[in-house]
Amino acid sequence: MASIVSTEGDLKLDVGLEAPAGPSAAAGGAIQHRFSPYDWNGGTIVSVAGKDFCVIACDKRLATGYNIKSRNIDRAFQLSDKTVIACGGCHADVQA
C-alpha cells in the first residue's frame, strides 16, 4: 500500500495504489501501456474449388468480443467476372 505524506508530516493518507505484478514491475522497469487502432472483428470465410467451379461462403456478422455490432456486412467482393476476394479479421482493412 502506498502512502501520501504532507510536507509538514502531520497528515498521512494511505491509498490502495499497487503496482501490477509482472517481470517488468519486478525488475523495477516502467509499466507499458499499449494502444492499437485495430480491432479483431472475427469472421468466417470458407471456399472450395474444383476443376470448373468455385464456391465461397462467408458470414455477415461484425463482432467485437461478445458485442455484435452488425449482422449485415459484406465480406466477399467481386473484382472481375472470374475473381472474388473475401476478407475476415479487422473490418477496417476490408473497407480500405
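Everything numeric here is computed off the predicted structure, so don't read it as measured data. (Residues numbered from 1 in each chain as written. Predicted model: local features only at pLDDT ≥ 70, side-chain atom pairs only at ≥ 80, totals over all residues. Heavy atoms only, no water.)

Participant: Can you help me understand the overall build of the protein in this one?
Facilitator: Summing up its helical and strand segments, the protein has two helices and eight strands in all. Of the regular secondary structure in the protein, the N- to C-terminal order runs β-β-α-β-β-β-β-β-β-α. A total of 96 residues make up the protein; the buried ones form 11% of that total. When contacts within the protein are restricted to residue pairs at least 6 apart in sequence, those whose partners lie at least 24 apart make up 24%. Just so you have it, the protein exposes about 8200 Å², and 55% of that area is on carbon and sulfur atoms. (Helix = DSSP H or I, 4+ residues; strand = E, 2+ residues; numbered from the N terminus. Buried < 20%, exposed > 50% of the residue type's maximum accessible area, 1.4 Å probe, protein only. Contact = heavy atoms within 4.5 Å. Areas by Shrake-Rupley, 256 points an atom, 1.4 Å probe, with all protein chains shown as cover.)

Participant: In this structure, what is going on with the pairing of strand β8 (residues 83-86)? I would like to understand it.
Facilitator: Looking along a regular strand, one sees the side chains alternate between the two faces of the sheet. With four bridges joining them, strand β7 (residues 76-80) and β8 adopt antiparallel strand pairing. By the bridge assignment for β8, Phe77 is matched with Ile85. Following β7, the chain reverses through two residues before pairing antiparallel with β8. (Pairing = 2+ DSSP bridges.)

Participant: Is there a simple way to explain a nonpolar patch on the surface in this structure?
Facilitator: Nonpolar side chains collect at one region of the surface, where Val46, Val48, Phe53 and Val55 lie side by side and expose about 350 Å² of accessible area between them. With respect to the element layout, Val46 can be found in strand β3 (residues 45-49). On the basis of relative accessibility, which here comes to 46%, the residue Val46 falls in the partly exposed class. (Patch = residues over 30% accessible without salt bridge, like charges linked within 9 Å, V, L, I, M, F, W, Y side chains within 5 Å. Salt bridge = Lys/Arg side-chain N within 4 Å of Asp/Glu carboxyl O.)

Participant: Would you take a moment to explain the pattern of salt bridges for this structure?
Facilitator: For side chains bearing opposite charge, pairing can occur when the charged atoms are close. Under the defined criterion, the tally for this structure stands at two salt bridges. Of the charged contacts, one joins Arg75 and Asp59 as a salt bridge, the two residues approaching to 2.8 Å between their closest N and O atoms. Here Arg75 is found in the loop between β6 (67-70) and β7, whereas its partner Asp59 is found in the loop between β4 (54-58) and β5 (62-64), with 16 residues between them in sequence. Assessed through its relative accessible area of 23%, Asp59 is described here as partly exposed. Asp74 serves as the salt-bridge partner of Lys60, at 3.3 Å between the closest nitrogen and oxygen.

Participant: Would you mind going over the side chain of His91 with me for this structure?
Facilitator: Among the secondary structure elements, His91 is positioned in helix α2 (residues 91-95). The residues touching His91, leaving out its near neighbours within four places in the chain, are Asp39, Asn41, Leu62, Ile73 and Asp74.

Participant: Please explain the environment of Thr64 as it appears in this structure.
Facilitator: Mapped onto the elements, Thr64 comes out in strand β5. Between the alpha carbons of Thr64 and Gly42 there is a distance of 7.6 Å; along the sequence they are 22 residues apart. Dropping the residues within four chain positions of it, Thr64 is found in contact with Asp39, Trp40, Asn41 and Lys69.

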